[in-house]
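Below are the chains, spelled out letter by letter.
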Amino acid sequence: MISTILTDIEGTTSSISFVKDVLFPFARERLPAFVETHADKPEVQHWLHEAARDARIIHAERSEIVELLQCWIDEDRKATPLKALQGMIWDEGYRSGDFRAHVYPDVAPKLREWKKQGLDLYIYSSGSVPAQKLFFEFSEAGDLTPLLSGYFDTEVGHKREAESYRRIATAIGRPAEEILFLSDIDEELDAARAAGMRTTQLARPPTACPAHGTHPCAHDFDAIALS
């Protein structure tokens, strides 16, 4: 019996193009000015230090760290310091009305339906938890955060490692077999299943479900089976 839905964002609730064509370029363009004007804030200092540590840079000018972070954006690096700083920059973009987060039209109605059925709804994304909250607060479908019980990012572990999903199940307080994980990425689904979770792969058109896939597959949220 499924009691909890754990869902990815990119390619699952929302289009990959919104992230890659809107959010990433916005953060890349604004990053130098953001670091320059917020470098005295302890949180920003912390993540700049963590970025340098991850890159094994002992001594670096601030401009070098900015260039490193911009390179990571270009590479779509799943680095926690980058995701944290991107979230701070996106905060300004969302609140100033520069953009709203894309969600597929089937997502919000289904989340509301599942919530009414008593299911707990959680997010697990490589984007930072603050960025996830902004995403669902400032979505094209309105503020969806009241539907969500919690958020997880790469601080709990990488999305292709089974231990990350075990930690999430422990944090949620539900047996892994009661949790259904939704993603468009095979390796993430494999890791969730290895941790004991149920899985469903999202294959948003024009992507088709694999002919011999190892996970149940749905083309949208309406097609997801909970039994």
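Scroll up for the structure.
Quick caveat: nothing in here was measured; it's all calculated off a predicted structure. (Residues numbered from 1 in each chain as written. Predicted model: local features only at pLDDT ≥ 70, side-chain atom pairs only at ≥ 80, totals over all residues. Heavy atoms only, no water.)

1. Side note on the nonpolar core
One finds L69, W90, Y94, W114 and F135 to be the most contacted residues of the largest nonpolar core, which totals 58 residues. Elements supplying a minimum of two residues to this core: α1 (16-38), α2 (42-54), α3 (62-75), α4 (80-96), α5 (107-116), β2 (120-124), α6 (129-137) and β4 (179-183). The element best represented in this core is α1, accounting for nine residues. Once you skip the residues sitting within four places of it in the chain, W114 turns out to touch I5, L119, L121, L182, F221, I224 and L226. Counting 18 residues, the second largest nonpolar core, distinct from the first, contains Y124, F152, V156 and F181. (Core = buried A, V, L, I, M, F, W, Y, C linked by side-chain atoms within 4.5 Å. Buried < 20%, exposed > 50% of the residue type's maximum accessible area, 1.4 Å probe, protein only. Helix = DSSP H or I, 4+ residues; strand = E, 2+ residues; numbered from the N terminus. Contact = heavy atoms within 4.5 Å.)

2. A closer look at the side chain of S3
Secondary-structure assignment places S3 in the segment before β1 (4-7). Among the polar contacts made by the side chain of S3, one reaches the side chain of E178 at a distance of 2.8 Å. Those residues in contact with S3 that lie beyond four places of it in its chain are G118, L119, D120, R174 and E178. (Polar contact = N/O pair within 3.5 Å; in protein donor to acceptor, adjacent residues only side chain to side chain.)

3. Some remarks on the sheet that holds strand β6 (residues 217-218)
Strand order in the open sheet formed by six strands is β3-β2-β1-β4-β5-β6, and the pairing between neighbours is parallel. Each having just a single partner strand, β3 (150-152) and β6 make up the two edges of the open sheet. Bridge count between β1 and β4: four bridges; the pairing is parallel. Across the sheet, L6 pairs through a bridge with F181, a residue of β4. Lying on the sheet, α6 is in contact with β2 and β3; it crosses β3 at an angle near 130 degrees. (Pairing = 2+ DSSP bridges. Axes fitted to C-alpha atoms, helices over the stretch in contact; angles between N-to-C directions.)

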